[in-house]
Amino acid sequence: MQQERLLKVLVIGDLGVGKTSIIKRYVHQVFSQHYRATIGVDFALKVLNWDYKTVVRLQLWDIAGQERYGNMTRVYYREAVGAIVVFDMTRLSTFQAVLKWKRDLDSKVTLSNGRPVPTVLLANKCDQRQHGLCPKLPKLDNFSQDHGFVGCFETSAKDDTNIESAITCLIKAIMSAE
Ligand code: GDP
Ligand code: MG
């Protein structure tokens, strides 16, 4: 018999890093240059035939307009089983905020066994690599391991690079976390 798993996954990071674009690309296969700030909390649903016995209903929770405070309410975090922390690889300040977001997350939600929820790190806008910070950034693989991320990917919502791989990596970690 098939089982259904509802996974609440949070997408966090500073304003303008591409959170909404990543969700739209993954769920609706679209990209738009137009900056359209949504207000409040929004989520998108993608249904995946994960394996022969499991259907995953993936809820990606966007934040909109609340990024500027650098933290979110406990209501937003409640019952999340995974998270995606995004920074913009052309803006150093957004990378510097990554650990702040990770700490906010870990302080407000854990798995039922007390462990942190699986989280992937995305260095988004890799299509803008020529304007990128790569020389100034620490080795991202080491950085992400040291800080407890389950994986780290250079992504582009614009060119559709690595978005699917990153989210698949996260779902694998979530499914094996319990
Ligand atoms: P959010 O505030 O984190 O939700 O960021 P948005 O998704 O609204 O994106 C902010 C801006 O960055 C928009 O103008 C997007 O079109 C642009 N953007 C998002 N992802 C990418 C990307 O991968 N590459 C490029 N070049 N621009 C992107
Ligand atoms: Mg947004």
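For the structure given in this document, a descriptive report is provided here. These numbers were taken from a predicted model, which means no experiment stands behind them. (Residues numbered from 1 in each chain as written. Chains lettered and ligands numbered in written order. Predicted model: local features only at pLDDT ≥ 70, side-chain atom pairs only at ≥ 80, totals over all residues. Heavy atoms only, no water.)

**A few points about the pairing of strand β1 (residues 3-12)**
Put simply, the rule is: Pairs of strands are assigned from DSSP output, requiring at least two bridges between the strands. What counts as a helix is a DSSP run of H or I of at least four residues, what counts as a strand is a run of E of at least two, and both are numbered from the N terminus.
Relative to strand β3 (residues 54-64), β1 runs parallel, the two sharing eight bridges. Residue E4 lies in a different strand from β3, and its bridge partner there is V55. Across four bridges, the pairing between β1 and strand β4 (residues 82-88) is parallel. Bridged to L10 within β4 is A83.

**Some details on the site of ligand 1**
For clarity, the threshold we go by: One heavy atom suffices: a residue is near a molecule or strand as soon as one of its heavy atoms comes within 4 Å of it. Throughout this description, a polar contact denotes any pair of N or O atoms lying within 3.5 Å of each other; where both atoms belong to protein, one of them has to be capable of donating a hydrogen while the other can accept it, and for residues adjacent in sequence the pair is counted only when both atoms sit in side chains. The classification used treats Ala, Val, Leu, Ile, Met, Phe, Trp, Tyr, Cys and Pro as nonpolar, Asp, Glu, Lys and Arg as charged, and all other residues, Gly among them, as polar.
Close contacts around ligand 1 come from 20 residues, with G16, K19, S21, D127 and A157 the closest. At 3.4 Å from an oxygen atom of ligand 1 is found a side-chain nitrogen or oxygen belonging to S156. At a separation of 2.8 Å, an oxygen atom of ligand 1 approaches a polar backbone atom of A157. Take the shell around ligand 1: its biggest share by element is three residues, from helix α1 (residues 19-28). By residue class, the composition of the shell around ligand 1 is five nonpolar, nine polar and six charged.

**Points about the nonpolar core**
Which entries qualify depends on this criterion: Within this scheme, the nonpolar core is defined by two criteria: the residues are buried Ala, Val, Leu, Ile, Met, Phe, Trp, Tyr or Cys, and they are joined through side-chain atoms within 4.5 Å. Burial classification: accessible surface area is computed with a 1.4 Å probe over protein chains only, and a residue below 20% of its type maximum counts as buried, one above 50% as exposed, and the rest as partly exposed. Contacts are assigned to residue pairs that have any heavy atoms within 4.5 Å of one another.
The biggest cluster of nonpolar side chains holds 27 residues, and the ones touching the most others in it are L10, I12, Y77 and L121. For this core, the elements supplying multiple residues, two or more each, are β1, β3, α2 (74-77), β4, α4 (98-108), β5 (119-124) and α5 (140-146). Among all residues touching L10, those that are not within four sequence positions of it are W61, Y76, Y77, A80, G82, A83, I84 and L105. Judged by nonpolar contacts, the second largest core, of 26 residues, contains A44, V81, I163 and I167.

**Some remarks on the side chain of K102**
Tracing the sequence through the fold places K102 in helix α4. Polar side-chain contacts of K102 include one of 2.8 Å to the side chain of D106. Not counting chain neighbours up to four residues away, the residues in contact with K102 comprise T119, H147, G148 and F149.

Any functional reading would require information beyond the geometric quantities listed.
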